[in-house]
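Residue-level listing of the chains:
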2 protein chains.
Amino acid sequence: MKKTILIAAAMLFGLSASAQQALWGGQGVVSPEINADGTVTFRYVAPKAVKVQVTGDFLPTQKVTMKMGDREMTQEMPGVADLKENKGVWEYTTPSPVAPEMYTYTFTVDGKSGLIDQNNMWVNRDVSTLASVLLIGGGHAEDYLIKDVPHGTVSKVWYDSPSAGFDRRLTVYTPAGYEKNIKTKYPVLYVLHGIGGDEDAWVTQGRATQILDNLIAEGKAKPMIVVFTNGNISEEAAPLENSTGYVNPTMGLPKTMEGSFETSFPEVVKFIDSNYRTIAKRDSRAICGLSMGGFHSLYISLNNPDMFKYVGLFSAAIGTGSEKNPSPIYQDMDAKLAKQFAKSPYYFIAIGDSDFLYAANTEYRKKLDAAGYKYEYMETDGGHIWRNWRKYLDYFAQKLF
Amino acid sequence: MKKTILIAAAMLFGLSASAQQALWGGQGVVSPEINADGTVTFRYVAPKAVKVQVTGDFLPTQKVTMKMGDREMTQEMPGVADLKENKGVWEYTTPSPVAPEMYTYTFTVDGKSGLIDQNNMWVNRDVSTLASVLLIGGGHAEDYLIKDVPHGTVSKVWYDSPSAGFDRRLTVYTPAGYEKNIKTKYPVLYVLHGIGGDEDAWVTQGRATQILDNLIAEGKAKPMIVVFTNGNISEEAAPLENSTGYVNPTMGLPKTMEGSFETSFPEVVKFIDSNYRTIAKRDSRAICGLSMGGFHSLYISLNNPDMFKYVGLFSAAIGTGSEKNPSPIYQDMDAKLAKQFAKSPYYFIAIGDSDFLYAANTEYRKKLDAAGYKYEYMETDGGHIWRNWRKYLDYFAQKLF
């Protein structure tokens, strides 16, 4: 009888069959559970399993060294921990408090890896892989918690891209008050993703809109419009959000690092200046990006010195050979740098000390140093990871306008 | 050596550890695969499993009859099919072509249910349950495919809610051209979700923005602003999008069907009229909703006959007992109906013939018939499911303004 009532209640208001199943199937466990002492317990229901493990970047990492061409690279890999079974529920509690951060993790059951946590509906997509999310507040994570502050508007906007030949999608953040203050004009920050991302990446994984909400509310950053582009110019929009069909994303789409996107970029700026209340001047424009987006930011700003005063390179993917592409975008770097730095940009370079692009970034900095070009440099621990990119954005945004 | 290069390529541009894992772990299967003959193949890699099944609403459904109080209700439940193993890859191909539709499905491995398809990163959340999505184009599904047409802007917007005491989030669709046509004013459609949903539900599961893009592009619906509210007034925003912390959603949040949301609704309309270029008149306002949202639409329009000319009740959750709540919103229905229908609203009622709310909706229609109030009625096959609600919205939107 009790079950009947439960089913009826579940069915009453528009649940899909699978939701009903979960409701009355009732796994009845909480995972992840952040305990009072700061440790975290992960649980996975699998009565028939022989071995269950959890892997994620909250666990101590292992450093793995690999060769890329002639170069040795070191990358941090997430650790693995075994869960213990008790009446069909597998469980693992961290031995010590987990530091504040946004982490991702998955389970491995009897050798089957990449399973998300069924008791946690917070899932992040990275390229075509899904992982469960754990967020521990405090420390740097406070920068990107959703707080009781005025929130900006986050929009999915399509612009006509003559160079691509079709409409393309942007994510646009307008700060709290934008709709009301109809006479106010705002500076614009353009934020670019890495080769695995799209116009959603900085919002979902980068927490950029929360970072901006909080900085602006605290008076640490100026109210600004933030534009998140899609740097894969062969693509209309993020996977599942375009008219080209139902496909899983892949790495290294055509036309990502051969000059097309950089060449087309002024059409994005033109669209934004035409459709938003922007201050359409160099002093009120900034561009930054991570990895491939850092590479894009370097060359877009290099080729448009009158467009951007502020430039941020986060773990920029320089020195990968893409610069050898014949696109005019990549030619005459020295002369272009001289022109760009003659205008005293605010130029920011940030990288983790174990990033596999560390050496390439060091070489680039030496080049700037040799020419006497000023820039600000931030070095953090860790590698080529979102934890660092969130920090860099948080810092960079405070320096703008 | 080959593996080293692959790892290096994967690491090159900002992938998380788990993405790298998937890339070089390489399951190497496609799932779901839509075959040339219209059948669909599902695949799941599980070398150690003994039994693998797939369950989803693309399979023939079973009708299950249950009691709710004195009333018998019938609900369709998704079917189940067994996969067959071949070298560790489990596979199931539908015996016949799958009809055009948006479906959800999950796998069950050795009794462990609710597993998403690891080769399909399209996942829908329904309350706190995740399921993989299969979309087959054609037929009614053409209504909500993303096509090469002008796309509206979809925004996440926060409004100040004096009655709730905090800021709350809306999803707002502005039609293609809204930004450019700065002298044009638009009518507004308010679209409300069911008890398991929030301001995201109609966009993710209801495909409402695609439906509107397509109707407007074809000239079948007028360009309009569409506002998706969050009907759980105790909640700031969708789970994971609010400042109250990191919790999985539950069914039947406080203050969902006791008058609070309906009472507060004019403050949403006021916000929209103040912040968007609306035609702020009854003739240019519509409201509709599914299940709980149909119930809300009924009472909001009933209590504000001068606010809405167009009303759509989709599988409305009437007759559930909520009307007995002492809120003034639910009192004096007959007198209020007389006032509302004296103004000749366009009143639309739609429901599936196996919906568990069918009887209650029939009773309500009898009441309207007895009083001679005119409405349009649509009856479809199937139950209390998104397939129907997408159809109803597609139809209703064409009738507006």
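Residues numbered from 1 in each chain as written. Chains lettered and ligands numbered in written order. Predicted model: local features only at pLDDT ≥ 70, side-chain atom pairs only at ≥ 80, totals over all residues. Heavy atoms only, no water.

1. Some remarks on the pattern of salt bridges
All names here are of chain A.
1) Next: Evaluated as defined, the whole model comprises 32 salt bridges over all chains.
2) Next: A salt bridge links R169 to E241, with the nearest nitrogen and oxygen atoms 3.5 Å apart. On the criterion of sequence distance, the pair formed by R169 in strand β14 (residues 166-174) and E241 in the loop between β16 (225-228) and α5 (260-275) is long-range, its members being 72 residues apart.
3) Next: In this structure, the salt-bridge partner of D273 is R285, at a minimum N-O distance of 2.8 Å. Here the residue D273 occupies a position in helix α5, and R285 occupies one in strand β17 (residues 285-290), the gap between them amounting to 12 residues.
4) Next: The exposure class assigned to R285 is buried, which follows from its relative accessible area of 7%.
5) Next: When salt bridges with common partners are traced through the structure, they connect K156, R169, E199, D200 and E241 into a single cluster. (Salt bridge = Lys/Arg side-chain N within 4 Å of Asp/Glu carboxyl O. Helix = DSSP H or I, 4+ residues; strand = E, 2+ residues; numbered from the N terminus. Buried < 20%, exposed > 50% of the residue type's maximum accessible area, 1.4 Å probe, protein only.)

2. Here we look at unusual backbone geometry
All names here are of chain A.
1) Next: In this chain, S31 is followed by P32 through a cis amide linkage whose omega measures -5°.
2) Next: In this structure, P32 sits in the loop between α2 (17-25) and β1 (33-34).
3) Next: Here V127, not a glycine, exhibits a phi torsion of approximately 55°, which is positive.
4) Next: With respect to the secondary-structure elements, V127 resides in the loop between β11 (123-126) and β12 (129-136).
5) Next: Looking at V127, the relative accessible area reads 3%, which means it is buried.
6) Next: The residue S291 is not glycine, and still its phi comes out positive at about 55°.
7) Next: If you trace the backbone, S291 turns up in the loop between β17 and α6 (292-303).

3. Regarding the packing of helix α7 (residues 333-341) of chain B against helix α8 (residues 358-371) of chain B
Residues and elements named next belong to chain B.
1) Next: The interhelical angle for the contact between α7 and α8, taken along N-to-C directions, is 65°, at an axis separation of 11 Å. Relative to α8, α7 is oriented so that their crossing is right-handed. Taken together, the residues of α8 that come into contact with α7 (itself represented by M333, D334, L337 and F341) are Y364, K367 and L368. (Axes fitted to C-alpha atoms, helices over the stretch in contact; angles between N-to-C directions. Left-handed = near helix turned anticlockwise from the far one by under 90°. Contact = heavy atoms within 4.5 Å.)

4. Quick look at the packing of aromatic side chains
1) Next: Overall, the coordinates contain 60 aromatic pairs over all chains when judged by the stated rule.
2) Next: Taken together, a centroid distance of 4.6 Å and an interplanar angle of 20° make the contact between F42 of chain B and F58 of chain B stacked. Of this pair, F42 of chain B sits in strand β2 (residues 40-45) while F58 of chain B is found in the loop between β3 (52-56) and β4 (62-68), placing the two residues 16 residues apart along the sequence. The pair formed by F42 of chain B and F58 of chain B is uniform in burial state, with each residue classed as buried.
3) Next: Linked through ring pairs, W202, Y310, F314, Y346, F348, W386, W389, Y392, Y395, F396 and F401 of chain A together constitute an aromatic cluster. (Phe/Tyr/Trp six-rings, centres within 6.5 Å; stacked < 30°, edge-to-face > 60°.)

5. Observations regarding the side chain of T209 of chain A
1) Next: Here T209 of chain A shows up in helix α4 (residues 208-217).
2) Next: Excluding its chain neighbours within four sequence positions, the residues that come into contact with T209 of chain A are V154, Y173, V203 and F228 of chain A.

6. Some details on the sheet that holds strand β8 (residues 89-93) of chain B
Residues and elements named next belong to chain B.
1) Next: Taken in spatial order, the four strands of this open sheet run β1-β2-β8-β7, and their pairing is antiparallel. Strands with a single pairing partner mark the edges of an open sheet, and in this sheet they are β1 (33-34) and β7 (84-86).
2) Next: Sheet topology note: the β1/β2 ladder contains two bridges and is antiparallel. The partner of E33 across the bridge, within β2, is T41. (Pairing = 2+ DSSP bridges.)

7. What to know about the pairing of strand β14 (residues 166-174) of chain B
All names here are of chain B.
1) Next: A large share of β14 lies buried, amounting to seven of its nine residues.
2) Next: As paired elements, strand β13 (residues 153-161) and β14 share nine bridges and run antiparallel to each other. In the sheet register, S155 faces β14, and the bridge partner there is V172.

8. As for the confidence of the model for chain A
Residue and element names in this part refer to chain A.
1) Next: Here chain A averages 89 in pLDDT, and 90% of its residues register 70 or above.
2) Next: Below a pLDDT of 50 lies the segment residues 1-26, which in the model reaches 63 contacts outside its immediate sequence neighbourhood of four places, other chains included.
3) Next: Both scores are available for the predicted complex, with the pTM at 0.91 and the ipTM at 0.89. (pLDDT = per-residue confidence, 0-100.)

9. Looking at α7 of chain B
All names here are of chain B.
1) Next: Three or more residues of α7 are buried, namely M333, K336, L337, Q340 and F341. Viewed end-on, α7 has its buried residues packed into an arc of 125°, placing them on one side of the element. Exposed and facing more than 90 degrees away from the buried side of α7 are D334, A335 and K339.
2) Next: On the buried face of α7, the contacting elements are α6 (292-303), β18 (310-314), β19 (346-352) and α8. (Arc of directions from axis to C-beta.)

10. Brief notes about helix α5 (residues 260-275) of chain B
All names here are of chain B.
1) Next: For α5, which comprises 16 residues, the first-to-last C-alpha distance of 23 Å matches the rise-based estimate of 22 Å (1.5 Å per residue) to within 8%.
2) Next: In the structure, α5 departs most strongly from a straight axis at P266, where the bend amounts to approximately 30°.
3) Next: Buried residues of α5: F261, E262, S264, F265, E267, V268, V269, F271, I272 and N275, and no others.
4) Next: Looking at the packing, one finds that the buried side of α5 touches β13, β14, β15 (188-192), β16 (225-228), β17 (285-290) and α6. (Expected span 1.5 Å × (residues − 1). Bend = angle between axes of the 7 residues up to and from the residue.)

11. A short note on the side chain of H193 of chain A
Residue and element names in this part refer to chain A.
1) Next: Take H193: it is sitting in the loop between β15 (188-192) and α3 (201-204).
2) Next: Judged by relative accessible area, H193 falls into the buried class, the value being 2%.
3) Next: A polar atom in the side chain of H193 sits 2.7 Å from the backbone nitrogen of G231.
4) Next: What H193 contacts, discounting residues up to four positions off in sequence, is D198, E199, A201, W202, T229, N230, G231, N232, L290, M292 and G293. (Polar contact = N/O pair within 3.5 Å; in protein donor to acceptor, adjacent residues only side chain to side chain.)

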